[in-house]
Amino acid sequence: MQAQKKNANYRLHIKKATSEITIDGVMDEEAWKETDVAKDFFMVLPADTGRATQQSEVRMAYDENHLYLIAVFYNTPPGPYYVESLRRDFQFGKNDNFLIFMDPFNNQTTGFSFGANAAGAQWDGTMNNGGRVDLNWDSKWISKVTRNERQWVFEMAVPFKSIRYKKGVTEWGINFSRLDLKSSEKSSWTPIPRQFPTASLAYSGVLVWDEPPPAPKINFSLIPYVLGSANVSSLDENNIDYETKVGGDVKFAVTSSLNLDLTLNPDFSQVEVDNQIVNLDRFELFYPEKRQFFLENADLFANFGYANIRPFFSRRIGLDVPIIAGARLSGNLDENWRIGAMDMQTANDETIGLPSQNFATVSLQRKVFSQSSIGFLFVNKESFNYPDESDEYYELYPKYNRNIGFEYNLASYNNLWTGKAFVFKSFSPDDDGNGFTQAANIEYKSQNWNFGFKQEYVADDFRAEVGFVPRKGYFKFNPFLGYLFYPKKNTPILSHGPKWTSIYYFDENMNNTDYLNLLQYFLNFRNRSSFRATFIDEYVELLEPFDPTGTGKPELPAGSQHHWNALRLNYSSKPQSMFTYTIGGRVGGYYEDGSWLSFNNELGYRFQPYVSLSSVISYNNIQMPAPWNTTDFWLVGAKADITFTNKLFFATLFQYNEQSKNFNLNSRFQWRYQPASDLFIVYTYNDLMPPYSESTHSLTLKLVYWFNK
């Protein structure tokens, strides 16, 4: 395996600290003078043909309890820093930042990421699939940033108990990444082709320990919470509904690389509300999971399948009724095997006849070759304790639904070839839920070429009640081909080129029901702004009646056929500016020989690093013959994100959606008074406007504390 690693010759030796290290952003301890130095970084963007112009130096050390790192970043010439805010887990492309990518199993597949922006906001996440960073993971560690106009310094200490690694291993995968927006330069300690992210573990170097890291000690965390809330509805303004809840989580390290999570009476009231979007799609829309318990190591469950064929989707759990308790075991068994097992129990609801339900999921993943893997997934939803034993409720909530399947993930040793193939079978009490789905894709991506092919099949009787499968009973074929040109001269344009994409749908009798042809042209500028033009050729034969306006107007009949062409334009400004914007629009045909004109933009302004203001404005105008005539609606949203310090945050978001007749306001105050311990105060207002007639107010106070041993 090691012989196949591209950058195995880039080796950084780490030694035990010879003196105490204080995390203050100042490199004045004697221990730092005796370390190896990772320097002479390679440029990744805008070009990957030489060394970085902005110099960086990284040193590492350790003691019995902590892993230490200090990094110095020089500015040539001296200049301002660009940061979005002090909020944790900032957006990579909008901040001067430094990130470390660690692969403790040296398997080029999983790991951890830590870092900070130039104002000191922390970043941490788990890594999966060889280069994806899941920022929903939150651990206890400390860091400090100091800066002047000539350099900034980042120093951190990560407790060994906060990460997972195999006992006795003396070589880890490691890499360091810096983004400097002043020079529009992204750099890496090891050389990485510019079409790949610096998080790509296939291109990491090696961290060589002078002796094995300290043997993991007992790692046990208790995270209780107490909550009080008040809710009032306009339907009964004289009745305030008060609620108190107590619950919490337990985290226990079964081994140095395997973690057990338990939750009792969980509450997710502090989670931000979903962003509203215009819905003119015939199928269910996807909204991402935001609840913390489901997010750590989520790739072990949620990454199976494709975006529109997910056999497991955690948002199906506990949306209509409260979750009583749950458990999750996840992590690495060794350098080749990973496991995930989760069980969640919900209560019943006698008012609607919803039974108690148990959701059990088991996944196994085996690494093969350099970065590829084979995975197994089993999902079971079991219903029992029905409040009403009538047949109607057994039809609404079948006794069980199960999915079982395998998938193969391909990633070549140099990441040029990637792909996936999977098959899943569903099992239900009736024949309507005993189908299967199968799909495969292959993609090649070099600096210039990007091409591939994707194929899907979902049987009409495939049922994934704990998944996200909005469309069934189809075959899909999707070839694509793109090319990027890189001007040899130092022009404002970094790269540009065309891309062709075709998506064809057929029913199970191989009759063509839909197609979408896209011809796009991309312009990527050296200052990190971008432009995209898309020509659309689309055909739809409706399989079911459909309201093309999404506003409750008459439906087009099933079997009707529609064809149109359209043009879509999008431009995103450079992220270095205090004022940033994305602007786009669509003009062209629509159903029933009608027309659809849309305009959307996102605006942002920041008073760095304390205040970030943003807004979203979308307008849609649909012209169709009677009885639809003219339909137009607005979606407007605005957000203020205030970071007083890197421990004190306030954010407020309002959204007005004219299509769904909804206005909502969500304000959240967060005080991180101890590492990973928080006080939340959340206010939510939701108004369903005419023809609906209800508004609700809620105020919640939640206190969370992390006890760690």
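Residues numbered from 1 in each chain as written. Predicted model: local features only at pLDDT ≥ 70, side-chain atom pairs only at ≥ 80, totals over all residues. Heavy atoms only, no water.

Draft legend 1. Broad picture of the overall build of the protein chain. Each helix and strand counted, the protein chain has two helices and 38 strands in total. Relative to the compact-globule value of 27 Å for 709 residues, the protein chain shows a C-alpha radius of gyration of 26 Å, a close match. The proportion of buried residues among the 709 residues of the protein chain is 51%. A separation threshold of at least 6 residues defines the contact pool for the protein chain, and within that pool the share at least 24 residues apart is 59%. Per element, the accessible surface of the protein chain, about 31000 Å² overall, is 56% carbon and sulfur. Side-chain charges in the protein chain split into 67 positive and 79 negative, and the spacing between the mean points of these groups amounts to 10 Å. (Helix = DSSP H or I, 4+ residues; strand = E, 2+ residues; numbered from the N terminus. Rg over C-alpha atoms; globule rule 2.2 N^0.38 Å. Buried < 20%, exposed > 50% of the residue type's maximum accessible area, 1.4 Å probe, protein only. Contact = heavy atoms within 4.5 Å. Areas by Shrake-Rupley, 256 points an atom, 1.4 Å probe, with all protein chains shown as cover. Lys, Arg positive; Asp, Glu negative; His and termini not counted. Charge placed at Lys NZ, Arg CZ, Asp CG, Glu CD.)

Draft legend 2. Spatial organisation of the nonpolar core. With 39 residues, the main nonpolar core has Met60, Leu69, Phe114, Phe154 and Phe176 as its most contacted residues. Of all elements in the fold, only strand E1 (11–16), strand E3 (56–62), strand E4 (66–74), strand E5 (97–103), strand E6 (111–117), strand E10 (151–159), strand E11 (171–180) and strand E13 (205–209) reach the threshold of two or more residues within this core. Among all residues touching Phe154, those that are not within four sequence positions of it are Leu69, Ile70, Ala71, Phe73, Phe98, Gly115, Ala116, Trp141, Ser143, Lys144 and Val145. Counting 30 residues, the second-largest nonpolar core is a separate cluster that includes Phe293, Ile323, Val466 and Tyr474. (Core = buried A, V, L, I, M, F, W, Y, C linked by side-chain atoms within 4.5 Å.)

Draft legend 3. Representation of the environment of Gly247. Tracing the backbone through its elements, the reader meets Gly247 in strand E15 (residues 236–255). The sequence separation of Gly247 and Ala325 amounts to 78 residues, and the corresponding C-alpha distance is 9.5 Å. With residues up to four places along the chain from it excluded, the contact list for Gly247 reads Ile223, Pro224, Tyr225, Leu264 and Asn265.

Draft legend 4. How the structure looks around empty space enclosed by the protein. Summed over all chains, the structure comprises three cavities of 30 Å³ or more. By volume, the largest cavity is sized at about 200 Å³. As for the largest cavity, its lining consists of 18 residues, and the residues nearest its centre are Phe112, Thr126, Arg164, Asn297 and Asn332. Listed by contribution, the elements that provide at least two residues to the lining of the largest cavity are E6, strand E7 (122–128) and strand E17 (323–332). Take the lining of the largest cavity: its biggest share by element is three residues, from E17. Looking at the lining of the largest cavity, its residues break down into five nonpolar, ten polar and three charged. Of the volumes computed, that of the second largest cavity is approximately 90 Å³. Of all the elements in the fold, those that place two or more residues in the lining of the second largest cavity are strand E20 (372–384) and strand E21 (400–411). A per-class count over the lining of the second largest cavity returns one nonpolar, six polar and three charged. (1 Å grid on protein atoms, 1.4 Å probe; cavity = no way out; pocket = protein on both sides within 12 Å on 5 of 7 lines; lining within 4 Å. Points joined across faces, edges and corners; volume = space filled by probe spheres on them. Nonpolar A, V, L, I, M, F, W, Y, C, P; charged D, E, K, R; others polar.)

Draft legend 5. Structural context of the side chain of Asn570. Assignment of secondary structure puts Asn570 in strand E29 (residues 561–572). Setting aside residues no more than four positions away along its own chain, Asn570 makes contact with Ser530, Phe531, Arg532, Ile583 and Gly584.

Draft legend 6. Spatial organisation of the pattern of salt bridges. Going through the model one piece at a time under the given rule, you end up with 28 salt bridges. Here Lys33 and Glu30 are joined by a salt bridge, their closest N and O atoms 3.7 Å apart. Residue class for Lys33 comes out exposed when judged on its relative accessible area of 62%. Of the residues examined, Glu30 reaches a relative accessible area of 42% and is grouped as partly exposed. (Salt bridge = Lys/Arg side-chain N within 4 Å of Asp/Glu carboxyl O.)

Draft legend 7. Spotlight on a negative patch on the surface. Judged by side-chain charge, Asp388, Glu389, Asp391, Glu392 and Glu395 come together as a negatively charged surface patch. Tracing the backbone through its elements, the reader meets Asp388 in the loop between E20 and helix H2 (391–396). (Patch = residues over 30% accessible without salt bridge, like charges linked within 9 Å, V, L, I, M, F, W, Y side chains within 5 Å.)

Draft legend 8. Region of interest: the layout of surface pockets. Roughly 1200 Å³ of volume is contained in the second largest pocket. Those elements giving two or more residues to the lining of the second largest pocket turn out to be strand E14 (220–233), E15, strand E35 (662–674), strand E36 (677–688) and strand E37 (694–704). Considering every element that reaches the lining of the second largest pocket, the biggest residue donor is E37, with four residues. A per-class count over the lining of the second largest pocket returns 14 nonpolar, 19 polar and nine charged.

Draft legend 9. Representation of the pairing of E35. Judged from the ten bridges that link them, strand E34 (residues 648–657) and E35 form a sheet pairing that is antiparallel. Within E35, the residue paired with Gln655 across the bridge is Asn664. Counted along the chain from E34 to the antiparallel partner E35, the turn is four residues long, and its residue Lys661 has a positive phi close to 55 degrees. Connecting E35 to the next strand, E36, in antiparallel fashion are two residues, including Ala676 with a positive phi near 65 degrees. (Pairing = 2+ DSSP bridges.)

Draft legend 10. Here's a closer look at the packing of aromatic side chains. Evaluation of the coordinates by the stated rule reveals 51 aromatic pairs. Ring centres of Phe301 and Phe312 lie 6.0 Å apart, and the angle between their planes is 50 degrees; this geometry places the pair in the tilted category. Here Phe312 lies in the loop between helix H1 (299–302) and E17 and Phe301 lies in helix H1, a separation of eleven residues in the sequence. Judged by relative accessible area, which is 3%, Phe301 ranks as buried. On the numbers, 4.8 Å between centres and 65 degrees between planes, the contact of Tyr483 with Phe485 is edge-to-face. For Phe485, a relative accessible area of 40% translates into the label partly exposed. (Phe/Tyr/Trp six-rings, centres within 6.5 Å; stacked < 30°, edge-to-face > 60°.)

Draft legend 11. Representation of the environment of Tyr504 in the model. In this structure, Tyr504 sits in strand E26 (residues 493–506). Among the residues examined, Tyr504 registers a relative accessible area of 28% and is labelled partly exposed. Sequence-distant contacts of Tyr504, that is, excluding residues within four places in its chain, are made with Phe475, Lys476, Phe477, Asn512, Asp514, Tyr515 and Asn517. Among the polar contacts made by the side chain of Tyr504, one reaches the side chain of Asn517 at a distance of 3.5 Å. (Polar contact = N/O pair within 3.5 Å; in protein donor to acceptor, adjacent residues only side chain to side chain.)

Draft legend 12. Focus on the environment of Asn450. Along the chain, the position of Asn450 falls in strand E24 (residues 449–458). Overall, the relative accessible area of 14% leaves Asn450 in the buried class. Separated by 32 residues in sequence, Asn450 and Gly482 place their C-alpha atoms 4.9 Å apart. Contacts of Asn450, omitting those with residues within four sequence positions, involve Glu443, Tyr444, Lys445, Phe480, Leu481, Gly482 and Lys499. One polar contact links Asn450 to Glu443, side chain to side chain, over a distance of 2.8 Å.

Draft legend 13. Local environment of the pairing of E36. As defined by bridge partners, E35 adjoins E36 across eleven bridges and the pair is classed as antiparallel. The residue bridging Leu665 from the neighbouring strand is Tyr685, located in E36. In the sheet, E36 pairs with E37 via eleven bridges, with the strands oriented antiparallel. Its bridge partner lying in E37, Leu679 is registered against Leu703.

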